[in-house]
Amino acid sequence: MMKRGFIHWDKREIREEDFQKRKEEVTAKMKEEGVACLLIYGDVWQCDDIQYLSNFNTYTRDCLLVLSPGGKLSLVSSMTPRDREWIVGCTPVPSQDISFSAGLVKGSDIMKKGGFTSGKVGFVGRFFPKVLFDHLLKEFPGSEFVDLSEWYRTLRCTKDAADIQLVKRAALLAEHAAKVLTDPGIFKKKVRRVSAQAEWAVRSRGGEDYSLLCSTQKMAVLDFPDDRDIQGYFSFSLLSQYKGAWAVIARTTVSPTTMKRRKEDVRAYSALVSSIQGAERLEDLEKGLKAAKARGWDVEMKSPVGPDVPMSITPGLEEIPRKKNMVFSLTFQKKMDQDLFIYGETLCVGEEGYEVLTA
Amino acid sequence: MDFKKTYQPRMTFFSKTARENGMGSLFFYSNVWRREMPRYLAGFNFTGPFNILLVTPDGKMRMGVSSVSDYVKAKEELPWLEEVILEDPTLGKVVKAWEKLGLTGNLGVSGMDLIPVALLKQMKRVFGGVTMVSLTEMENRIRLTKSQEELKRIRKAAALADKAYQTFLDSVADGRNAYEIMADVERTVKRGGAEDNFMIVGVGNTEVMAMAPPTDRVPVKGDLIRTEITPFVDGYCAQICRSCVKGKPTKAQIKGFDIFLRSEEEAIKIMKAGVPVAEVAKAQNDVFRAHGLGDYVTVQYTRTRGHALGLWQSEPPIINEESKAVLKENQVMIVHPNTYIPDVGYLVLGDAMIVTKDGVEILTQADRELKSV
């Protein structure tokens, strides 16, 4: 999946102070851990860790963020110096602290310049490249490298107001696309054409990415849009992205003929949708999940979802999140003979209950 | 493309070349972003976060998948696989299951830089008896020249790139912002059969130093609007680079574009199988040097003068004067002298082409001119 990315920093959406606040939280942890330097790695696929502190989300190759305990941020990109102009426009990292190097090896120079010779180094990134790691080990023999990825991920699970606004915008884009994908007129049309129109609804409104997996009669699995005609039913799982923040929405719609044949199943699906969309409290959600499982639905919960990755390898959650401002996705899937019914939403834990962002 | 005609010979060739290079088994890790190898070796387009292939010296292939859909698809579409295992999120199942194979010697690993740290650690623990060796260079070498079936797909992608460029022009003419221009182009390529597309743009004048993702900027009179469009059809891509002007182009823009056009033409003139890639770069750069623009063909202003294409949008070799590569028949390249020049800004022009024995077959047919829209 190609990434289109974004370069526009709208300071009404996320302010410099928001990044400052995030940075303070991270540097406090660095001090607590006795870490002299924190290295955060990001590539095209998973750049959200870098974006969290810098607003920069690379659309190609990879990058490294170096954070000193004093809060100085330096960004190394494997793009070329000609990209400086637009990168400067979308990050609070000052131009003089942005550098370019293949393999990101300049990271070690930045550490040296900051006075680091040996000590404890924290790193973040499940895909931190071996080559870069080996380079750092060679440059700083005797240093201790501590993996802080899990801590950083936990920190990001709870969203600040800026993040939630971005996720809400992504959710709104997902709803626009879902309108196209659940329109009664989709039947007998090619999946590819319907999906192209839904994608347009996301991109023309400033959404930078759209990823759809879908199923229709005789497929029984989720797959990419292709030249099949939509017949009988259409189910999909869609991820839309706005400024790096993703929202997940999944729906199933049935043709009038299938409706007659699958009355019971459609009723069960509708009951499921109502139970989740109407769940305001934890008890309601727990009840909804329990009932769904009892009726044979496979349930998956994941967090964080924004800014995050489209198809994350983040393990599913065992329990419904309870911490305020946690954003998570909840998806249900059930095979009904050869038809695959799916339903899913992006939710946020609020002050007193849950908000379904994609309803 | 079926197993016996296409994938089995590819697998056999990979295994043979690996053996010649001192490797035993081959391990291919792919993620959502780099999904080429399952496509190349098995014709499999996975939907999950990642995919793993293991080819053992006996020529058998095993697959690790990361979604239920992939598991069902792999079982149905690839009955010849020795084994399909559905990985769990802790990344523990696949590698553990393959412990029984008792791998030894050098294990060729593709996508080493993409493998999650947790999986890498596990591989080291479970495959204790093996030394992991990167497969990247060998993989690039094997995939460099394309079969007729691969070329057919690339030609389709090129035709779609031309169509997409026309949408781009129409959209600019309609006064749409860059988000909308991109949305219109994406819709054209997707409706036309593309499964994916890589596209960047640049709207403005001399302040534009490079192309990037879009913004809500609406092109205004005098703006140069540049784009690189890369549709993927059945896994394979072609690329087109074009620039156009909103309204009437300035003299500097016309003069600048002419340099780019001549630069591309000089490269095309000398390209054929057997020509060093460095010469292709030099032919392009010399045109800029002749106009006193030698500084603008350096890494300060540009990344490369083109590159190969195929299952990935930027395959090696890249076209630069330091390249040691030599053009081969049926290799697909894009030649693009894209760079920044004073008084114009960043400008792009480029076409995908197949290298032949006697020259090149240019795949993208859109007019090579600075359109005024």
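Preceding this section is the structure that the text describes.
Residues numbered from 1 in each chain as written. Chains lettered and ligands numbered in written order. Predicted model: local features only at pLDDT ≥ 70, side-chain atom pairs only at ≥ 80, totals over all residues. Heavy atoms only, no water.

With respect to the overall build of chain B
We count it as follows: Counting from the N terminus, the helices are the DSSP runs of H or I reaching at least four residues and the strands are the DSSP runs of E reaching at least two. The rule is simple: take the accessible area with a 1.4 Å probe, protein chains only, and divide by the maximum for that residue type; under 20% is buried, over 50% is exposed, in between is partly exposed. Two residues form a contact once any of their heavy atoms are found within 4.5 Å. Note on areas: these come from Shrake-Rupley sampling with a 1.4 Å probe, and a residue is covered only by the protein chains present in the view. Within this scheme the basic residues Lys and Arg register as positive and the acidic residues Asp and Glu register as negative, but His and the chain ends are omitted. In plain terms, the charge of a residue is placed at NZ if it is Lys, CZ if Arg, CG if Asp and CD if Glu.
Looking only at helices and strands, one finds ten helices and 18 strands in chain B. C-alpha extents for chain B along the principal axes are approximately 70 × 40 × 35 Å. Counting every position in chain B, which comprises 373 residues, the buried fraction comes to 62%. The long-range fraction of contacts in chain B, counting pairs at least 24 apart against all pairs at least 6 apart in sequence, stands at 65%. Element-wise, carbon and sulfur atoms account for 50% of the exposed surface of chain B, whose accessible area totals about 13900 Å². Distance between charge centroids for chain B: 2 Å, based on 50 positive and 47 negative side chains.

A few points about the environment of Ile230(A)
Residue and element names in this part refer to chain A. By the secondary structure assignment, Ile230 is in the loop between β7 (209-216) and β8 (233-242). On the basis of relative accessibility, which here comes to 0%, the residue Ile230 falls in the buried class. When sequence neighbours within four positions are dropped, the list of residues in contact with Ile230 reads Ile186, Phe187, Lys188, Lys189, Val191, Val194 and Thr216.

Let's talk about the pattern of salt bridges
Quick reminder of the rule: By definition, a salt bridge exists where a carboxyl oxygen of Asp or Glu is found within 4 Å of a side-chain nitrogen of Lys or Arg.
All told, the structure shown has 61 salt bridges over all chains when counted by the stated rule. One salt bridge in this structure joins Asp83(A) and Arg82(A), with 4.0 Å as the shortest N-O distance. With relative accessibility at 11%, the residue Arg82(A) sits in the buried group. For Arg289(B), the salt bridge goes to Asp286(B), with nearest N and O atoms at 2.6 Å. Residue Arg289(B) and its partner Asp286(B) are both found in helix α10 (residues 277-290); the two are separated by three residues, about one turn of the helix. Through salt bridges with shared partners, a single ionic network connects Arg4(A), Glu199(A), Arg203(A), Asp209(A), Glu186(B), Lys190(B) and Asp196(B).

Let's talk about the sheet that holds strand β6 (residues 130-134) of chain B
Residue and element names in this part refer to chain B. Which entries qualify depends on this criterion: In this description, strands pair whenever DSSP reports at least two bridges between them. The axes used here are C-alpha line fits, helices contributing only the stretch in contact, and every angle between their N-to-C directions lies in the interval 0 to 180 degrees.
Taken in spatial order, the six strands line up as β4-β3-β2-β1-β5-β6 in an open sheet, and their pairing is mixed. The outermost strands of the open sheet, each flanked by one partner alone, are β4 (83-86) and β6. Here the strands of the sheet are splayed against their neighbours by 20 degrees on average, with no regard to which way each runs. One ladder, built from five bridges, connects strand β5 (residues 105-110) with β6; its direction is parallel.

A few points about the interface of chain A and chain B
Short version of the rule: The term buried area refers to how much accessible surface (probe radius 1.4 Å) is lost by two components on association, counted for both of them together. In the scheme used here, Gly and all other residues not listed as nonpolar or charged are polar, with Ala, Val, Leu, Ile, Met, Phe, Trp, Tyr, Cys and Pro taken as nonpolar and Asp, Glu, Lys and Arg as charged.
With 43 residues of chain A at the interface, the matching set in chain B holds 56 residues. Summed over both sides, the interface of chain A with chain B buries roughly 4600 Å², with 63% coming from carbon and sulfur. In terms of surface lost to chain B, no three residues of chain A exceed Met2(A), Arg4(A) and Arg82(A), which account for 17% of the buried area on that side. At the boundary of chain A with chain B, the tally comes to four salt bridges. One salt bridge in this structure joins Arg4(A) and Glu186(B), with 2.9 Å as the shortest N-O distance. Breaking the side of chain A that touches chain B down by element, the ones donating at least two residues are α3 (84-88) and α8 (191-203) of chain A. By residue number, the principal contributor to the side of chain A that touches chain B is α8(A), which donates seven residues. Across the side of chain A that touches chain B, the residue classes break down as 20 nonpolar, eight polar and 15 charged.

Description of the packing of helix α1 (residues 3-20) of chain B against helix α6 (residues 136-144) of chain B
Residue and element names in this part refer to chain B. Note the cut-off: Throughout, the term roughly parallel applies to angles under 35 degrees, roughly antiparallel to angles over 145, roughly perpendicular to angles from 65 to 115, and oblique to all others. Definitions for this section: a left-handed crossing has its near helix turned counterclockwise from the far helix by less than a right angle. A right-handed crossing has that turn clockwise.
The N-to-C vectors of α1 and α6 enclose an angle of 135 degrees; their axes lie 11 Å apart at closest approach. As summarised for this structure, α1 and α6 are arranged oblique, according to the angle between their axes. Crossing geometry of α1 relative to α6 is assigned as right-handed. On α6, the residues that touch Phe13, Phe14, Thr17 and Ala18 of α1 are Met138, Glu139, Arg141 and Ile142. Its residues assigned to classes, the contact of α1 with α6 shows five nonpolar, one polar and two charged.

Topic: the sheet that holds strand β3 (residues 73-77) of chain A
All names here are of chain A. Strand order across the open sheet formed by six strands is β4-β3-β2-β1-β5-β6, with mixed pairing between neighbours. Pairing within the sheet leaves two strands with one partner each, and these edge strands are β4 (98-100) and β6 (144-147). Neighbour-to-neighbour, the strand axes of the sheet open up by a mean angle of 25 degrees, direction not taken into account. Here five bridges tie strand β2 (residues 62-67) to β3, and the two strands are oriented antiparallel to one another. Looking at the pairing, Val66 lines up with Ser74 of β3. On top of the sheet, helix α5 (residues 130-139) reaches β1 (37-43), β2, β5 (120-124) and β6; it is set at about 145 degrees to β6, its chief contact.

Observations concerning the environment of Ala173(B)
All names here are of chain B. With respect to the secondary-structure elements, Ala173 resides in helix α7 (residues 148-173). Considered as a pair, Ala173 and Asn338 are 165 residues apart in the sequence and their alpha carbons are 23 Å apart. In contact with Ala173, other than residues within four places in its own chain, are Lys246 and Val373.

What to know about the packing of aromatic side chains
The description of an aromatic ring pair uses the distance of the two centres, along with the angle that the planes make with each other. Where we set the bar: Aromatic rings from Phe, Tyr and Trp, with only the six-membered ring used for Trp, were paired whenever their centres fell within 6.5 Å, and each pair was classed as stacked if the ring planes differed by under 30 degrees, edge-to-face if by over 60, and tilted otherwise. When the NZ atom of lysine or the CZ atom of arginine is within 6 Å of a ring's centre and also within 35 degrees of its normal, the charge is said to sit over that ring.
This structure, assessed with the given rule, holds 32 aromatic pairs over all chains. Each ring, one from Phe260(B) and one from Phe288(B), has its centre 5.1 Å from the other, and the planes form 85 degrees; the classification is edge-to-face. Of this pair, Phe260(B) sits in helix α9 (residues 251-270) while Phe288(B) sits in helix α10, and the two are 28 residues apart along the sequence. Residue classification places Phe288(B) among the buried positions, given a relative accessible area of 0%. With centroids separated by 4.6 Å and ring planes inclined at 50 degrees, the aromatic side chains of Tyr296(B) and Tyr301(B) adopt a geometry described as tilted. Among the aromatic residues, those joined into a ring-pair cluster are Tyr233(A), Tyr269(A), Trp297(A), Phe332(A), Phe341(A) and Tyr343(A). The aromatic ring of Phe44(B) is capped on one face by Lys73(B), whose charged end is 5.3 Å from the ring centroid. The ring of Phe288(B) has Arg305(B) sitting right over it, with the charged end atom 5.5 Å from the ring centre.

Concerning the nonpolar core
Note the following rule: As used in this record, nonpolar core signifies buried Ala, Val, Leu, Ile, Met, Phe, Trp, Tyr and Cys residues forming a set joined through side-chain atoms within 4.5 Å.
The biggest cluster of nonpolar side chains holds 168 residues, and the ones touching the most others in it are Leu39(A), Trp86(A), Phe27(B), Phe127(B) and Phe168(B). Ranked by residue count, the leading element in this core is α7(B), at eleven residues. Ranked by size, the runner-up nonpolar core spans 32 residues in total, among them Met326(A), Leu340(A), Tyr354(A) and Val356(A).

What about the pairing of strand β1 (residues 26-31) of chain B?
Side chains on a regular strand alternate between the two faces of the sheet. Residue and element names in this part refer to chain B. Counting buried positions along β1 gives six out of six residues, so the element sits mostly inside the fold. As judged from the three bridges shared by β1 and β5, these two strands associate in the parallel manner. Across the sheet, Phe27 pairs through a bridge with Val109, a residue of β5.

Here we look at unusual backbone geometry
Outside of glycine, negative phi angles account for most residues, and trans bonds account for most peptide bonds. A cis amide bond, omega 5 degrees, links Pro316(B) with the succeeding residue Pro317(B). Inspection of the secondary structure assignment puts Pro317(B) in strand β12 (residues 315-318). The backbone phi angle of Asn55(A) is positive, close to 65 degrees, even though this residue is not glycine. Looking at where Asn55(A) falls in the secondary structure, it is placed in the loop between α2 (48-54) and β2. For Asn55(A), a relative accessible area of 5% corresponds to the buried category. Of note in this structure, Arg61(A) is not a glycine but carries a positive phi near 55 degrees. With respect to the helices, strands and loops of the structure, Arg61(A) is situated in the loop between α2 and β2. Using a relative accessible area of 25% as the deciding quantity, one classes Arg61(A) as partly exposed.

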